[in-house]
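Below are the chains, spelled out letter by letter.
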There are 2 protein chains.
Amino acid sequence: MEEFASVSGISRPTLSKFFNDPDSVRRTTRQRIEMALEQHDYRPNVYAMNQNRRKTKNIGIVVPFLADPFFTEIGRAVELACIDAGYSPILLSSHGSLEHETDNLESLRSLKPAGVLLAPFGRASDKDAICAFGKDVPLVLFDANIEDAGEAFIGTNNFQSIDLMVDYLCRSGEPPCLFEMKSPSNPNANKRRQAYLDSMARQGHEAHIFQADGEGWNFEEIGSQEGGRMLAEKVFPTNTILCSNDRLAIGMLSAAYGLGIRVGHGADCAMRIAGHDDHPFSRFTCPPLTTIAQDYTSIADRAVNTLFRVMESEERLSAREETLFDGRLVMRDSA
Amino acid sequence: MEEFASVSGISRPTLSKFFNDPDSVRRTTRQRIEMALEQHDYRPNVYAMNQNRRKTKNIGIVVPFLADPFFTEIGRAVELACIDAGYSPILLSSHGSLEHETDNLESLRSLKPAGVLLAPFGRASDKDAICAFGKDVPLVLFDANIEDAGEAFIGTNNFQSIDLMVDYLCRSGEPPCLFEMKSPSNPNANKRRQAYLDSMARQGHEAHIFQADGEGWNFEEIGSQEGGRMLAEKVFPTNTILCSNDRLAIGMLSAAYGLGIRVGHGADCAMRIAGHDDHPFSRFTCPPLTTIAQDYTSIADRAVNTLFRVMESEERLSAREETLFDGRLVMRDSA
DNA sequence: AATAAAATTTAACGCGCGCAAAGAAAATCT
DNA sequence: AGATTTTCTTTGCGCGCGTTAAATTTTATT
């Protein structure tokens, strides 16, 4: 950098400022530097840069399981937003295990990130560790909330979305049963169950909940196995099933097909199946899945913007913010 | 670290060695250090550590499009392998755009990674940039090959796998047509087309190739739209279609369902559809997709091991290695 | 026990940059 | 035009560790 300073005719501290934030120097000098850069292609040492800086230009993004298309999608949106803002996103997956989540936060801490976007496991997460992390680093949660952790939470309003779906299903046919995992780690599942109970009560229908055994993240498999078993045994008292998420629904649709059960809302159909999340593949199931679309883009944008706001203000938010976006009913053929 | 050295009774250079590689110090001192670590929980500054090191403990992993489940899966396998080996994987997606691929390599270069695993776009990639990168950093390619770039390439033997599938399809019914993208960026698509032509010639059947218009990575959408149009227009001369990859097949299956065409190898079925890759969702299509399983695990393991071999040898491989794993026929109901 | 080999300590330099203070230069304002 | 503000330059310290070389200690070998 010393070298580049002499050949470019700019002092080293000014260059230092420039590389930290190109807009912090006068426009004319900035142009001079950029001219010189094109000729001598010098690039500052990332490690030396960040060593003495309290905060870097890194933004951590932690998701519980990257192989779940929902998180790949939202991760992608968030990553691109960060790049556009001139930051370096670092996308970390917790690979479905709690240890990795904790490890990821530990790794991030030593990277002195300017901020972190975290989609935690939820109940299973190490709440204390996450709260402590939030004290040191600007932290915004998304998808799954943990009370009092981080500066803000952005997610979907499960009560609105489930109510929307239940209402639609009741109006257009038999009231739905709920199909879900027995021990969901994700708090959204619990909210959705409660929302289902509320909605059914409000509509004056009896609620029926069916829970699938199984651990892990192979939701399609579980939906197919357990859901298929229930279909075969005809345990469902109505012909309409609301699955707690699309991945379970995809599995159940597959099982229904295998059993020769025609799914859909047509006259020739035996039952209806609906999901929640508008999984990228739900458009291509057979039949295409009626579901609730989470507002990926808004969630990603709001999460990033909130994080930037906290980062720029250099102080904590006066009050923790919780933003819930409404879900949108996506009517396809399955229900 | 100076501090930790005094309280632990270990000299700083020894600690330095320890943090670089715990096995490089005597076992007794290593235990003393680990004891002290538990009491004083000191952690070296990542940036200061890496500033003066030629190589870091980082390993870059670059995939063209993380939202494609194939790459999420293989990325996951590779990531975990790196973690197990004590390295820090950095997973980067090129988000389907060439500029990001180049940017990703540039970012990685300044992170002084110990090695990089790259799944390039293929033909579209900046070959010179990748070759140049390979001169500076141990580089192993996977999935898509670029001649002479990096130390090795690990992928699937498309000629074997397609031949396996064509042979199966011919034996069990009508010979297949090939359905693919018109202008595939991935070199595997070209290999598969050639393999299809070869196999059909060998079997003494006439080859029929149908190409879908469309750009980008929305293969399911393209398969559904274009494939559906072709199905509706009955352009296929046989009742069996081999799709160049599972994502196209998933789209086409969806379209077939919408058209009321019964897909499968049963007596009551009108046509057969097969894919290639054993996409994570192919087990749950309707009907479940007959396809070729790429050996994810072997590819990931071999790629990582090869990279480590190059990294440890501190020199280039005497000859560039190309390893192709055989595909495995996965017979499900669709064909 | 004597010798050789391996591991550790001591001491000291440097990496590439952030950062702070004080003065000089340029741009803006009255 | 001068006064004021902004920006830049000069100077120099220090971050936290890698790394080296010589001196010393510990372990392994004969």
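Reading guide: rules and limits
- Residues numbered from 1 in each chain as written.
- Chains lettered and ligands numbered in written order.
- Predicted model: local features only at pLDDT ≥ 70, side-chain atom pairs only at ≥ 80, totals over all residues.
- Heavy atoms only, no water.
- Core = buried A, V, L, I, M, F, W, Y, C linked by side-chain atoms within 4.5 Å.
- Buried < 20%, exposed > 50% of the residue type's maximum accessible area, 1.4 Å probe, protein only.
- Contact = heavy atoms within 4.5 Å.
- Buried area = accessible area lost by both parts, 1.4 Å probe.
- Salt bridge = Lys/Arg side-chain N within 4 Å of Asp/Glu carboxyl O.
- Helix = DSSP H or I, 4+ residues; strand = E, 2+ residues; numbered from the N terminus.
- Lys, Arg positive; Asp, Glu negative; His and termini not counted.
- Polar contact = N/O pair within 3.5 Å; in protein donor to acceptor, adjacent residues only side chain to side chain.
- Domains from an automatic or database assignment.
- Least-squares fit on C-alpha atoms with pLDDT ≥ 70 in both.
- Expected span 1.5 Å × (residues − 1).
- Arc of directions from axis to C-beta.
- Near = heavy atom within 4 Å.
- Nonpolar A, V, L, I, M, F, W, Y, C, P; charged D, E, K, R; others polar.
- Pairing = 2+ DSSP bridges.
- Axes fitted to C-alpha atoms, helices over the stretch in contact; angles between N-to-C directions.
- Disulfide = S-S within 2.5 Å.

**Details of the nonpolar core**
In terms of nonpolar packing, the biggest core is built from 106 residues, with L117(A), F179(A), I273(A), L117(B), F179(B) and I273(B) touching the most fellow members. Aside from chain neighbours lying at most four places away, what touches L117(A) is G60(A), I61(A), V62(A), V78(A), V140(A), F142(A), A303(A), V304(A) and L307(A).

**Comments concerning the interface of chain A and chain B**
In this assembly, 43 residues from chain A lie in contact with 43 residues from chain B. The contact between chain A and chain B buries some 3,900 Å² in all, and 63% of this surface belongs to carbon and sulfur atoms. When residues of chain A are sorted by the area they lose upon contact with chain B, Y47(A), Y257(A) and F284(A) head the list and together hold 22% of the total. Remark: the boundary between chain A and chain B carries four salt bridges. Residues E106(B) and R43(A) are paired through a salt bridge, measuring 2.8 Å at the closest nitrogen-oxygen approach.

**A word on the side chain of K112(B)**
Inspection of the secondary structure assignment puts K112(B) in the loop between α6 (98-110) and β3 (115-118). Within the buried set, K112(B) has no salt-bridge partner at all; the shortest N-O distance to an opposite charge, 13 Å, is to D136(B). Polar contacts involving the side chain of K112(B) include one to the main-chain carbonyl oxygen of N50(B), which spans 3.0 Å. A distance of 3.3 Å separates a polar atom in the side chain of K112(B) from the backbone oxygen of R53(B). In this view, K112(B) contacts N45(A), Y47(A), N50(B), Q51(B), R53(B), R54(B), K55(B) and T56(B); residues no more than four positions away in its chain are not counted.

**Thoughts on the domain arrangement of chain A**
Along its sequence, chain A is carved into domain 1 (2-44), domain 2 (58-155 + 296-325) and domain 3 (158-293). Distance from the C-alpha centre of domain 1 of chain A to the C-alpha centre of domain 2 of chain A: 33 Å.

**A short note on the relation of the copies chain A and chain B**
For the pair chain A and chain B, the best superposition has an RMSD of 0.1 Å and corresponds to a rotation of 180° with a translation of 0.0 Å parallel to the axis. Such a combination of rotation and displacement between the chain copies is what one expects of a two-fold axis. When C-alpha distances to the rotation axis are compared across chain A, the minimum falls at Y47(A), with a value of 2.3 Å. Taken together, the interface assignments show that 100% of the residues at the interface of chain A recur at the interface of chain B, consistent with an identical surface on both copies.

**Description of helix α6 (residues 98-110) of chain A**
If you check α6(A), its first and last C-alpha atoms are 19 Å apart, about what 13 residues at 1.5 Å a residue would give, namely 18 Å. Along α6(A), the residues classified as buried are H100(A), E101(A), N104(A), L105(A) and L108(A). The arc that holds the buried residues of α6(A), viewed along the axis, is 140°, so those residues lie on one side. Contacts made by the buried residues of α6(A) are with β1 (58-63), β2 (88-93), β3 (115-118) and α7 (127-136) of chain A together with α5 (69-84) of chain B. One or two positions beyond α6(A), positive phi appears at K112(A), with a value near 45°.

**Some thoughts on the protein's contact with DNA strand D**
S11(A), T14(A), T29(A), S16(B) and Y42(B) are the nearest of the 23 residues found near DNA strand D. Looking at DNA strand D alone, sugar and phosphate atoms form 63% of those within 4 Å of the protein. Within the side chain of Y42(B), one N or O atom sits 2.6 Å away from a phosphate oxygen of DNA strand D. Q51(B) is positioned with one of its side-chain polar atoms (N or O) 3.1 Å from a base nitrogen of DNA strand D. The set of elements that each furnish at least two residues to the surface near DNA strand D consists of α2 (12-20) of chain A together with α2 (12-20) and α4 (46-51) of chain B. By residue class, the composition of the surface near DNA strand D is eight nonpolar, 10 polar and five charged.

**Description of the pairing of strand β8 (residues 240-243) of chain A**
All names here are of chain A. Of the two faces of β8, the one lined by T240 and L242 and the one lined by I241 and C243 are each fully buried. Two elements, strand β6 (residues 177-181) and β8, share three bridges in a ladder whose sense is parallel. Counted as the bridge partner of L178 is L242 from β8. Of the strand pairs in this sheet, β8 and strand β9 (residues 272-274) are connected by three bridges, and their pairing is parallel.

**Let's talk about the sheet that holds strand β11 (residues 321-325) of chain A**
Residues and elements named next belong to chain A. Judged by pairing direction, the sheet is parallel, and its six strands sit side by side in the order β2-β1-β3-β4-β5-β11 without closing on themselves. The strands lining the two open edges of the sheet, one partner per strand, are β2 and β11. Taken pair by pair, the neighbouring strands of this sheet meet at an average axis angle of 15°, ignoring direction. Sheet topology places β3 next to strand β4 (residues 139-142); three bridges connect them, and they run parallel. Residue pairing in the sheet places V116 in a bridge with L139 of β4. Sheet contacts for helix α12 (residues 296-313): β1, β3, β4, β5 (152-156) and β11; angle to β5, the most-contacted strand, approximately 175°.

**With respect to the protein's contact with DNA strand C**
The full set close to DNA strand C counts 24 residues, and S16(A), Y42(A), S11(B), T14(B) and T29(B) are the nearest of them. Near-protein atoms of DNA strand C (within 4 Å) split between backbone and bases, with sugar and phosphate holding 65%. Q51(A) places a side-chain nitrogen or oxygen 3.2 Å from a base nitrogen of DNA strand C. For the surface near DNA strand C, the elements supplying multiple residues, two or more each, are α2 and α4 (46-51) of chain A together with α2 of chain B.

**Things to note about the state of the cysteines**
All names here are of chain B. Summed over all chains, the structure comprises zero disulfides over all chains. Between C170, a cysteine without a disulfide, and C177, which holds the nearest cysteine sulfur, the sulfur-to-sulfur distance is 11 Å. Assessed through its relative accessible area of 12%, C170 is described here as buried. The closest cysteine sulfur to the non-disulfide-bonded C177 is located on C243, 10 Å from its own sulfur.

**A short note on the environment of P237(A)**
Residue and element names in this part refer to chain A. Within the fold, P237 resides in the loop between α10 (219-232) and β8. Judged by relative accessible area, which is 46%, P237 ranks as partly exposed. Residues P237 and S161 lie 76 residues apart in sequence; the distance between their C-alpha atoms is 23 Å. Not counting the four nearest positions on each side in its chain, P237 is found in contact with C177, H208 and F210.

**Focus: the environment of R171(A)**
All names here are of chain A. Here R171 lies in helix α8 (residues 158-172). Overall, R171 belongs to the exposed group, its relative accessible area being 62%. For the pair R171 and E34, spaced 137 residues apart in the sequence, the C-alpha separation amounts to 63 Å.

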